[in-house]
Amino acid sequence: MTSPQISQLPEFTALKQHAEQARLWQLSQLFEKEPARCAQFSLEAAGLYADFSKNHLQRDTLTLLTAYARARKLEAQRDAMFRGDRINLTENRAVLHTLLRAPKETRLICEGQELMVLVQAVLDRIELFTARVRSGDWKGYTGKAITDVVNIGIGGSDLGPAMTCTALRPYGLQGPRMHFLSNVDGHAVQATLRELDAQTTLFIIASKSFTTQETMMNAKVARDWFLRHATTPDIAKHFVAVSTQAEAVAAFGIDTENMFPFWDWVGGRYSIWSAIGLPLAIAIGMENFRSFLAGAYAMDRHFQEAPLENNMPVLLALTGFWYREFFGTASHLIAPYHQDLQMFPAYLQQLEMESNGKQITKEGQHVSTATAPVIWGSVGTNGQHAYFQLLHQGTDRIPVDFIAALKPAHELIQQHKVLLANCFAQAEALMQGKVAEDGDPSYRRFSGNHPSTMLLMDELTPTSLGALIALYEHKTFVQGVLWDINSFDQWGVELGKVLANKILAELNGAAANHSHDSSTANLIARASAALK
Ligand code: F6P
């Protein structure tokens, strides 16, 4: 028997009816009516503080939202993920990135295999390697220490390492310089290699599948460049791999002694906690890397143990779901007021859009509701001088997540106060708007009533960053449950890859493929003529 579409659940209908009223609420009036509103709608967990009070929520809204989550059996589905059930149905895989950050005493046996033993063995190898590279004990082919590390990967094999190394920049000042190469665009690899000395550069080829076109092409260009300076046996001192595919790694010419493995139960966009985090460990050192894992683990515990009503990832997910389903919001802005979180919106784009940008339910039916919104954003205050105009006076309602650290990692306290003042002011302005004064022309009016959530941490540290990422991972998981979709596959990326290979063959001189539309055929012809 197939389960009903989510829109047929009575708990969904109750939310729909409630939303008819909620759409009429003025946030500023809710604050006037409920003086304790901020305390009522905020909570702390794993070192993070979340204030949901500037959202279109009242107590009964949360009661209805959590009732819907319970009707979707959220707790049971969460427990199934942590337990290692094969919840990634279309790939028949478990989803166990949470095990990578659990304490080493944790026991999880899957098909007779004790997984924590594997996890700890790789962490030990990462620790050893990281210490050797950072101390200068790992030598290049001319006996010099490593000064530059280049991570070659894309998607989850790039965004996690690049985002976290950027976010924890102050912790990486003692480590080697880090570079990230992802795009297949030759301009990228050329610009990166131009800065480097082959004698002191270490390449990490990071690819779960070790077949990804962009990564393999960039890796080959890097290897060719290296071999113009050194010899094949020297590769062992300058190329390591992170992958699940030992054979492909060996075929590329990297000794599997120099391969850091991970497993098919770690999804690409959830892999920063695995050996994919090697660049981060090298940049900030193993002790800090372990703090990063511990921060995520603290959020895991909170997610598993707190009642839904006081559960930060659950509330973040329910709030986003509420707007997407019942307020018609099509996008969600991530606004970190922290320069070092500049890559966080891009990271969340992959996490949320690749996970929940789906239209087929777990039972293979077409969904009856909207699913993931577009995630976008950039750091404050820059966004204020670019697109915030649309948030305040445009015609769309766009929920915002503001993210800030109370204390900076620098001494320019007055600048930090200005940053925070702007962050808090934007949330207030979006919510309150401005009552028109007599004579105010219409173009100077602010309707307000725009929702936002404020996420604060004391400081941006390995621990708080770990907790922040885990918060959004669990938010994404919960929304997948609410929408009844599989958050852990990504079949939608396949079609473009297949067509790109066909077009590449034609650009390389194969006979024109008559199945193309006239526009695509014309584009191929123009490029072929230009590249002759
Ligand atoms: O094409 C999408 C994708 O599979 C992502 O999910 C993944 O993070 C990325 O490509 C890179 O894959 P790999 O690590 O196998 O090179």
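Residues numbered from 1 in each chain as written. Predicted model: local features only at pLDDT ≥ 70, side-chain atom pairs only at ≥ 80, totals over all residues. Heavy atoms only, no water.

A. Up close: the overall build of the chain. Within the chain, the secondary structure is distributed over 20 helices and 13 strands. Its C-alpha atoms give the chain a radius of gyration of 25 Å, within 12% of the compact-globule value 24 Å for 532 residues. Dimensions of the chain, computed from C-alpha atoms along their principal axes, come out at roughly 75 × 60 × 60 Å. Sequence separation of at least 24 residues holds for 75% of the intrachain contacts in the chain that already meet a minimum separation of 6. Element-wise, carbon and sulfur atoms account for 53% of the exposed surface of the chain, whose accessible area totals about 23600 Å². For the chain, the separation between the mean place of its 46 positive charges and that of its 53 negative charges on side chains is 2 Å. (Helix = DSSP H or I, 4+ residues; strand = E, 2+ residues; numbered from the N terminus. Rg over C-alpha atoms; globule rule 2.2 N^0.38 Å. Contact = heavy atoms within 4.5 Å. Areas by Shrake-Rupley, 256 points an atom, 1.4 Å probe, with all protein chains shown as cover. Lys, Arg positive; Asp, Glu negative; His and termini not counted. Charge placed at Lys NZ, Arg CZ, Asp CG, Glu CD.)

B. A look at the domain arrangement of the chain. Split by domain assignment, the chain resolves into domain 1 (11-95 + 293-433 + 443-483), domain 2 (102-284) and domain 3 (491-530). Using C-alpha coordinates to define each centre, domain 1 is positioned 40 Å away from domain 3. (Domains from an automatic or database assignment.)

C. Spatial organisation of the layout of surface pockets. In this structure, the largest pocket spans a volume of roughly 1000 Å³. Together, 38 residues line the largest pocket, and Ser-209, Thr-212, Gln-490, Val-493 and Lys-497 are the ones closest to its centre. Listing elements by their share of the lining of the largest pocket, those giving two or more residues are α9 (213-227), α15 (344-356) and α19 (494-507). By residue class, the composition of the lining of the largest pocket is 11 nonpolar, 18 polar and nine charged. What the second largest pocket holds in volume is close to 350 Å³. Along the wall of the second largest pocket there are 16 residues; nearest its centre are His-338, Gln-339, His-410, His-416 and Leu-419. For the lining of the second largest pocket, the element with the most residues is helix α17 (residues 413-432), which contributes five residues. (1 Å grid on protein atoms, 1.4 Å probe; cavity = no way out; pocket = protein on both sides within 12 Å on 5 of 7 lines; lining within 4 Å. Points joined across faces, edges and corners; volume = space filled by probe spheres on them. Nonpolar A, V, L, I, M, F, W, Y, C, P; charged D, E, K, R; others polar.)

D. Broad picture of the packing of aromatic side chains. Enumeration over the complete set of coordinates arrives at 28 aromatic pairs. Between Phe-12 and Phe-321, the aromatic rings sit 6.5 Å apart at their centres with planes inclined by 75 degrees, giving edge-to-face as the arrangement. You can see Phe-12 sitting in helix α1 (residues 10-22) and its partner Phe-321 sitting in helix α14 (residues 312-326), a full 309 residues away along the chain. For the pair formed by Phe-12 and Phe-321, the shared burial category is buried. Centre to centre, the rings of Tyr-270 and Phe-488 are 5.2 Å apart; their planes meet at 50 degrees, and the pair counts as tilted. One end of the pair, Tyr-270, is in the loop between β9 (259-261) and α12 (278-284); the other, Phe-488, is in the loop between α18 (462-483) and α19, with 218 residues separating them in the sequence. (Phe/Tyr/Trp six-rings, centres within 6.5 Å; stacked < 30°, edge-to-face > 60°. Buried < 20%, exposed > 50% of the residue type's maximum accessible area, 1.4 Å probe, protein only.)

E. Main features of the nonpolar core. Residues Trp-265, Trp-322, Phe-344, Leu-468 and Tyr-472 are the most contacted members of the largest nonpolar core, which totals 117 residues. Among the elements that line this core, the one with the most residues is α18, at 12 residues. When residues of this core are assigned to domains, at least three fall in each of domain 1 (11-95 + 293-433 + 443-483) and domain 2 (102-284). Beyond its immediate stretch of four places on either side in the chain, Trp-322 contacts Leu-15, His-18, Ala-19, Ala-22, His-56, Leu-57, Thr-61, Leu-65 and Phe-327. With 23 residues, the next largest nonpolar core counts Leu-196, Ala-198, Ile-205 and Phe-210 among its residues. (Core = buried A, V, L, I, M, F, W, Y, C linked by side-chain atoms within 4.5 Å.)

F. Summary view of the sheet that holds strand β10 (residues 331-337). Sheet architecture is open: six strands sit in the order β1-β2-β13-β12-β10-β11, paired in mixed fashion. Only two strands of the sheet have a single neighbouring strand rather than two, namely β1 (42-45) and β11 (374-377). Within this sheet the neighbouring strands show an average axis-to-axis angle of 20 degrees, counted without direction. Packing of α14 onto the sheet brings it into contact with β1, β2 (48-51), β12 (400-405) and β13 (452-457), and relative to β1 it is tilted by some 135 degrees. (Pairing = 2+ DSSP bridges. Axes fitted to C-alpha atoms, helices over the stretch in contact; angles between N-to-C directions.)

G. Structural view of the site of the ligand. Every one of the 14 residues lining the ligand counts as a neighbour, but Gly-156, Ser-157, Ser-207, Ser-209 and Thr-212 are closest to it. The contact in question runs from an oxygen atom of the ligand to an N or O atom on the side chain of Ser-157, over 2.6 Å. Here an oxygen atom of the ligand sits 3.2 Å away from a polar atom, N or O, in the side chain of Gln-350. Contact with the protein chains hides 87% of the accessible area of the ligand, taken as 400 Å² for the molecule alone. When each cavity is represented as a set of grid points, the ligand is found to reside in the largest pocket. (Near = heavy atom within 4 Å. Polar contact = N/O pair within 3.5 Å; in protein donor to acceptor, adjacent residues only side chain to side chain. Sits in = over half its atoms within 2 Å of the grid points.)

H. Region of the structure containing empty space enclosed by the protein. Counting across every chain of the model gives five cavities of 30 Å³ or more. Lining of the largest cavity is provided by 13 residues; of these, Asn-55, Thr-319, His-332, Asp-401 and Thr-453 occupy positions nearest its centre. Elements with a contribution of two residues or more to the lining of the largest cavity: α14, β12 and β13. With four residues, α14 is the largest single contributor of residues to the lining of the largest cavity. In the lining of the largest cavity, the residues fall into five nonpolar, six polar and two charged.

I. Focus on the sheet that holds strand β8 (residues 239-243). The sheet built from five strands is open, its strands ordered β6-β5-β7-β8-β9 with parallel pairing. Where the open sheet ends on each side, the last strands, each with one partner, are β6 (177-181) and β9. Recorded for the sheet is a direction-independent mean angle of 20 degrees between the axes of neighbouring strands. Summarising the sheet, strand β7 (residues 201-206) and β8 pair through four bridges and their orientation is parallel. For Ile-204, the partnering residue across the bridge sits in β8 and is Val-240. Contacts from α9 reach β5 (148-152), β6, β7 and β8, with the element oriented near 155 degrees to β7.

J. The side chain of Thr-476, seen in detail. Take Thr-476: it is sitting in helix α18. Judged by its relative accessible area of 0%, Thr-476 falls in the buried class. Sequence-distant contacts of Thr-476, defined by excluding residues within four places in its chain, comprise Tyr-270, Leu-351, Glu-352, Ser-355, Asn-356 and Ser-487.

K. Fine view of unusual backbone geometry. With an omega of 10 degrees, the peptide bond running from Gly-380 to Thr-381 counts as cis. Structurally, Thr-381 is set in the loop between β11 and α16 (388-393). Even without being glycine, Lys-73 reaches a positive phi, approximately 60 degrees. Looking at where Lys-73 falls in the secondary structure, it is placed in the loop between α4 (59-71) and α5 (74-83). A positive phi angle, close to 55 degrees, is found at Phe-210, a residue other than glycine. Note on placement: Phe-210 falls in the loop between β7 and α9. Accessibility expressed as a relative area gives 4% for Phe-210, which makes it buried.

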